[in-house]
Amino acid sequence: MVLTSLIKKELAEEIPAEPGMPVWREDEDGIPFTLRATPAAYEVLGMMADTGADTAPEEEPATDMADQPETAPTEADGANTPRKTRQGTKQEALITMLKRPEGASIDEIAAEFGWANHTIRGAIAGALKKKLGLTITSEKLSGRGRTYRIAE
């Protein structure tokens, strides 16, 4: 069904299959067909289409990656760069609660979102700390319980 949808959207096209190629289907006469991505599919993916023409500029031979020194990803590569928050989400509302000077307790967050305690702790540790890179402080207050706040 997915491949048929790609054909209808002109992102894939049927071509006669050569020996050794995977076969998508056979027509009534038993002629095998395979699929290939169209130039439109390459464009959607942001890639250059492989036209099969020999007019492409000659490339330098590839170097063996094993011979290259191992380098850590840089910020330009997207390593350790905090993600941005989408507007109007529960995550944004949670961040707003945690940015208040008094912060928010587990019970307050649970009452606001209807989440279980382990879900709240998971959201704080996973989404806010790890993925967004926020610094969350925690303290236990008498009368309020464990309270979390985003450190500014």
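Look a little higher up for the structure.
Throughout this description, residue numbers start from 1 for each chain and increase along the sequence as written. Reporting of local features is limited, given that this is a predicted model, to residues whose pLDDT is at least 70; pairs of side-chain atoms are given and counted only at 80 or more, and all residues count toward the totals for whole chains, interfaces and linings. The basis for every side-chain value is the complete set of heavy atoms in the structure, and neither hydrogens nor water enter the calculation.

1. A word on the overall build of the protein chain
Helix and strand counts for the protein chain come out as 5 helices and 6 strands. Runs of H or I in DSSP of at least four residues are treated as helices and runs of E of at least two as strands, each being numbered from the N terminus. Its helices and strands in sequence order give the protein chain the pattern α-β-β-β-α-α-β-α-α-β-β, from N to C terminus. When a residue's accessible area, from a 1.4 Å probe over protein chains only, is under 20% of the maximum for its type it is buried; when over 50% it is exposed; and in between it is partly exposed. The burial tally for the protein chain puts 20% of its 152 residues in the buried class.

2. Section: the packing of helix 4 (residues 106-113) against helix 5 (residues 117-131)
Lines fitted to C-alpha atoms define the axes, with helix axes restricted to the stretch in contact, and inter-axis angles between N-to-C directions lie between 0 and 180 degrees. Between helix 4 and helix 5, the shortest axis-to-axis distance is 10 Å and the interhelical angle comes to 100°. The pairing of helix 4 with helix 5 is recorded here as roughly perpendicular in orientation. Two secondary-structure elements touch here, helix 4 through I106, I109 and A110 and helix 5 through N117, I120 and R121. Nonpolar residues are Ala, Val, Leu, Ile, Met, Phe, Trp, Tyr, Cys and Pro. Charged residues are Asp, Glu, Lys and Arg, and all others, Gly as well, are polar. Split into classes, the residues belonging to the contact of helix 4 with helix 5 amount to 4 nonpolar, 1 polar and 1 charged. Reported orientations rely on four angle classes, namely roughly parallel under 35 degrees, roughly antiparallel over 145, roughly perpendicular from 65 to 115, and oblique for the rest. Contact between two residues is taken to exist if any of their heavy atoms lie within 4.5 Å; hydrogens are not considered.

3. Examining unusual backbone geometry
Backbone geometry at E10 places phi at a positive 60°, although glycine is not the residue there. With respect to the element layout, E10 can be found in the loop between helix 1 (2-8) and strand 1 (12-16). For E10, a relative accessible area of 60% translates into the label exposed.

4. Some remarks on the nonpolar core
Buried Ala, Val, Leu, Ile, Met, Phe, Trp, Tyr and Cys residues form a nonpolar core when they are joined through side-chain atoms within 4.5 Å. Grouped together as the largest cluster of nonpolar side chains are 17 residues, with contacts concentrated most on L94, L98, I109, I124, L128 and I136. Among the secondary structure elements, those contributing two or more residues to this core are helix 3 (90-99), helix 4, helix 5 and strand 6 (145-150). Discounting chain neighbours no more than four positions away, the residues touching L128 are Q91, L94, I95, L98, A123, G133, L134 and I136.

5. Some points on the pattern of salt bridges
Here a salt bridge means any side-chain nitrogen of Lys or Arg lying within 4 Å of a carboxyl oxygen belonging to Asp or Glu. Here the structure, examined in full by the defined rule, presents 6 salt bridges. Across the pair E13 and R36 runs a salt bridge whose closest N-O atoms are separated by 2.7 Å. You can see E13 sitting in strand 1 and its partner R36 sitting in strand 3 (residues 32-37), a full 23 residues away along the chain. Residue E13 is classed as partly exposed on the basis of its relative accessible area, which comes to 29%. A salt bridge links E108 to R100; the nearest nitrogen and oxygen atoms lie 3.5 Å apart. The exposure class of E108 is partly exposed, given its relative accessible area of 30%. The class of R100 is partly exposed, set by a relative accessible area of 30%.

Just distances and angles here, no functional claims.
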